[in-house]
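So the chains spell out like this:
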2 protein chains.
Amino acid sequence: MIPTTIDATRLLDGLAALGRIGLDADGRRTRLAATDADREGRDHLVARLAAAGLEVAIDRIGNIFGVWASEENAAAAPLLLGSHIDTVVNAGHLDGCYGVLGALEVIETLKAAGTRPARPIAVAAFTGEEGARFAPDMLGSLVFAGGLPLDEALATVATDGARLGDELARIGHAGTLDPGHLRPAAYVELHIEQGPVLEREGFRIGAVETLQGISWQKVTITGQANHAGTTPMSMRRDAGLAAARTAVFLAERANRSNTPTVATVGRMSFAPDVINVVPARATFTVDLRDPDEGRLREEEAALSAHLAGLEAEGFAVTVERLARFEPVVFDAAIVAEIERVARARGLPVRRITSGAGHDAQMVARLCPAAMIFVPSIGGVSHNPREATADADLVAGAEVLLDLVVRLTGIR
Amino acid sequence: MIPTTIDATRLLDGLAALGRIGLDADGRRTRLAATDADREGRDHLVARLAAAGLEVAIDRIGNIFGVWASEENAAAAPLLLGSHIDTVVNAGHLDGCYGVLGALEVIETLKAAGTRPARPIAVAAFTGEEGARFAPDMLGSLVFAGGLPLDEALATVATDGARLGDELARIGHAGTLDPGHLRPAAYVELHIEQGPVLEREGFRIGAVETLQGISWQKVTITGQANHAGTTPMSMRRDAGLAAARTAVFLAERANRSNTPTVATVGRMSFAPDVINVVPARATFTVDLRDPDEGRLREEEAALSAHLAGLEAEGFAVTVERLARFEPVVFDAAIVAEIERVARARGLPVRRITSGAGHDAQMVARLCPAAMIFVPSIGGVSHNPREATADADLVAGAEVLLDLVVRLTGIR
């Protein structure tokens, strides 16, 4: 019998149990990568993987794997599921953990039902996805995918001065396997949306087809400080106003483009920042994202042209590139399969782009990959108020279950 | 003989000599009110007033007067000229000092020529015009004009913790006269423009007909923090963008109004001020100025309506009034006389509004008052680069000379 339901209580209790680890005296949940709290979470996970009868493996960057293989399927490339269990400061209990424990739940369900998948199924918990202690984010999956040399990653120094390699050894999670030892046939990551779209539009499942490209720039506009009373409007070069015009320009473009483009000016400061002085200088950040590389370049070019226009008006403009990632396009066949299995269950599903970064974007370098989203209540994440309805958590795991059945040839 | 020229060398050397007082080790000029450096400047001025044969008087708020009276005109109300000699930090050498030493130069010229004015002529140096140590600015002239009780003014505590009354006593400039002992028939203040208008438009004299009203407000807009990647544009309440829209709105109004209205957003801050978080809150200041009270109210109303529109969009908006002064309209007859005497000398003159505050706006409560402006090179003030061409400094003093001749009935 192919199972069609997971054990909802086991999944939800498991999330709650992992979520109790790393609480401080004020009840704030923080399990930064390779800290003592992370060790507790990791040890808890390893114990659960072992209890489920999976073969536990840890690689040299600390990625944890639980593999369910049999004699008859051991030669086939495994289907990899997973996410991460490290957190930001004062985190919710779902970001990452849902993908790891949801994957474990699916494997336990299939195992208990006596199914015989045509390939091994493995669950991964990647090291340091959040980047809150060690930069960059998605560090463990980046190394796993061969995007960053292991030695370089181990030498990464934390915001608190510690070295990642030392910290992994200290907490007993510096494994012996070379990252990439496991070559997946495909990768699927179950995750909360961390945004408001599914909830607002009444969908219960997101079939994640793309992950936004990101362009981060820091712009400094220099004009001329002037007395706010004695300088007529026509004789000003108001850098603050030029910055405000740029923020409005970007938002108007993103609003009218009828595309998923998002533009955010998140930081802003004026100098001299005095009530009666026309700002001489304004510094602000621009966060542009789009799931299509061509459109992202168009938005960047539009910003450049706008800034060139300010230069023509007499402003000096400098632009510093802070980060740039191309969009990721997930595997079309898996995305279509996610839609099919969700529809077959009567769950409203839509294709969606991921606005946040995920381990799936790194693993997509190695093999076909995709993600399943479930709604985030109020779109909140990275916050103790992060929540998803229990029914949605169960539905997401059951969509993953159906998908795994299809992808591993269980009949 | 009625003199038609002043002693240019005496005026310019006098400005340079006073300007050498209060230089620090780095050559920065700072004579904050009632400091040791201010005492040096005051003592220097008092010595010059005495050397010119004027009767020196100091009132209880430290305003210094040099009076030229004769037996035959002593019963008439005096014509008062003047300004201030305190400075901001790292100041130029003209702001205020030009009005005091220009007035002294005019009196010395008339005295040396043996003219017999129909009324006494006095020069005043008002205490603490800059407000850089003791708030509010124009403190001495405000008390002189009866706008602030003496005891309250003397109890003012400086940014450095000192009490004004104590400091005036300490530096020997707490006089015995009650402020307002001298009731002027009229007041004229000669000053650098501190703005770019005269220079840019090729005028050498400004006949100051109004002094802008000022409206200072602090606006806080609260929206909703959201993930910059996962939140579509249509689902945002971006407080930073709302602030930027407000800055652009104010500037566009001021630009298109074809009036002297000026609008400045000088301070701006976002919270949480993180590159990938849609700002939850933006705080900024609005400095609105106009020489016409009706127009100033219109601009304030337009801002209020704009902010009400933001509230209708779902933002929370709070507005704090930081300062509000009505415009000052100077005496039409004196302004017209300034224009006439400047034209008679062949000096290009225009009527102008003062964008900055001056002692004249306080003394205007007591008697007919007006100001004469000379060009500021590059519009720069409150800065060591503050400068006016020597020829313009001389021209301004000679316009004052002609005006004083007219106003005191010298034939």
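The rules behind these values
- Residues numbered from 1 in each chain as written.
- Chains lettered and ligands numbered in written order.
- Predicted model: local features only at pLDDT ≥ 70, side-chain atom pairs only at ≥ 80, totals over all residues.
- Heavy atoms only, no water.
- Salt bridge = Lys/Arg side-chain N within 4 Å of Asp/Glu carboxyl O.
- Helix = DSSP H or I, 4+ residues; strand = E, 2+ residues; numbered from the N terminus.
- Buried < 20%, exposed > 50% of the residue type's maximum accessible area, 1.4 Å probe, protein only.
- Least-squares fit on C-alpha atoms with pLDDT ≥ 70 in both.
- Contact = heavy atoms within 4.5 Å.
- Domains from an automatic or database assignment.
- Buried area = accessible area lost by both parts, 1.4 Å probe.
- Axes fitted to C-alpha atoms, helices over the stretch in contact; angles between N-to-C directions.
- Parallel < 35°, antiparallel > 145°, perpendicular 65-115°, else oblique.
- Left-handed = near helix turned anticlockwise from the far one by under 90°.
- Nonpolar A, V, L, I, M, F, W, Y, C, P; charged D, E, K, R; others polar.
- Polar contact = N/O pair within 3.5 Å; in protein donor to acceptor, adjacent residues only side chain to side chain.
- Expected span 1.5 Å × (residues − 1).

J.: Requested: an account of the pattern of salt bridges, with residues and values cited.
T.: Summed over the entire model, instances satisfying the criterion amount to 64 salt bridges over all chains. Glu339(B) serves as the salt-bridge partner of Arg351(B), at 3.0 Å between the closest nitrogen and oxygen. Of this pair, Arg351(B) sits in strand β15 (residues 349-354) while Glu339(B) sits in helix α10 (residues 332-344), placing them twelve residues apart in sequence. With relative accessibility at 31%, the residue Arg351(B) sits in the partly exposed group. Taking relative accessible area as the criterion, Glu339(B) reaches 12% and is therefore assigned buried. Connected through shared salt-bridge partners, Asp36(A), Arg39(A), Arg133(A), Asp160(A), Glu167(A) and Arg170(A) make up one network.

J.: Go over the relation of the copies chain B and chain A, please, and point to the residues and values.
T.: Superposing chain B onto chain A takes a rotation of 180° plus a shift of 0.1 Å along the axis, which leaves an RMSD of 0.1 Å. Here the symmetry operator amounts to a two-fold rotation axis. Across chain B, the smallest distance between a C-alpha and the rotation axis is recorded for Ala244(B), namely 2.2 Å. Of the residues that chain B buries at the interface, 100% are likewise interface residues in chain A, meaning the two copies contact each other through the same surface.

J.: Describe the domain arrangement of chain A, naming the residues involved and giving the relevant values.
T.: Residues and elements named next belong to chain A. For chain A, the assigned domains are domain 1 (8-211 + 327-407) and domain 2 (213-325). Inter-centroid distance (C-alpha atoms) of domain 1 to domain 2 is 37 Å. Domain 1 puts six residues into the contact, and the matching count from domain 2 is seven residues. On the domain 1 side of the interface with domain 2, the three residues burying the most area are Pro327, Thr353 and Gly355, jointly 73% of the side's total.

J.: How would you sum up the environment of Phe315(B)? Please name residues and give values.
T.: All names here are of chain B. Looking at the element boundaries, Phe315 is found in the loop between α9 (293-312) and β13 (316-325). Phe315 sits 91 residues away from Gln224 along the chain, and the two C-alpha atoms are 8.4 Å apart. Apart from the residues lying within four places of it in its own chain, the contact partners of Phe315 are Ile221, Thr222, Gly223, Arg237, Asp238, Ala239, Ala242 and Leu310.

J.: Hey, could you go over the packing of helix α3 (residues 97-112) of chain B against helix α12 (residues 390-407) of chain B for me, with residue numbers and the actual values?
T.: All names here are of chain B. Contact geometry of α3 with α12 gives a least axis separation of 9 Å together with a crossing angle of 55°. Classed by the angle they form, the pair α3 and α12 counts as oblique. By crossing handedness, the relation of α3 to α12 is classed as right-handed. Mapping the contact onto sequence places Tyr98, Gly102, Ala103, Val106, Thr109 and Leu110 in α3 and Asp392, Leu393, Gly396, Ala397, Leu400, Leu401, Val404 and Val405 in α12. When grouped by side-chain class, the residues that make up the contact of α3 with α12 number ten nonpolar, three polar and one charged.

J.: Run through the interface of chain B and chain A, naming residues and quoting values.
T.: Facing the 49 residues of chain B at the interface are 49 residues of chain A. Between chain B and chain A the total buried area reaches about 4,100 Å² when both faces are included, carbon and sulfur atoms providing 63% of it. Interface area lost by chain B to chain A is led by Met233(B), Met235(B) and Ile275(B), which between them contribute 17%. Its salt-bridge partner being Arg267(B), residue Asp273(A) comes within 3.2 Å of it at the nearest N-O pair. Where chain B meets chain A, there are twelve residue pairs in polar contact (both at pLDDT 80 or more). Residue assignment for the side of chain B that touches chain A shows that the elements contributing at least two residues are α7 (197-201), α8 (239-256), β9 (262-264), β10 (268-271), β11 (277-278) and β12 (281-290) of chain B. Considering each element in turn, the side of chain B that touches chain A owes the most residues, eight residues, to α8(B). Split into classes, the residues belonging to the side of chain B that touches chain A amount to 25 nonpolar, 15 polar and nine charged.

J.: Break down helix α3 (residues 97-112) of chain A for me, with residues and values.
T.: Spacing of three or four residues puts side chains on the same side of an α-helix, whose turn is 3.6 residues. An ideal rise of 1.5 Å per residue puts 22 Å on 16 residues; α3(A) measures up with 22 Å between its terminal C-alpha atoms. Of the residues one or two after α3(A), Gly114(A) is the one with positive phi, at around 75°.

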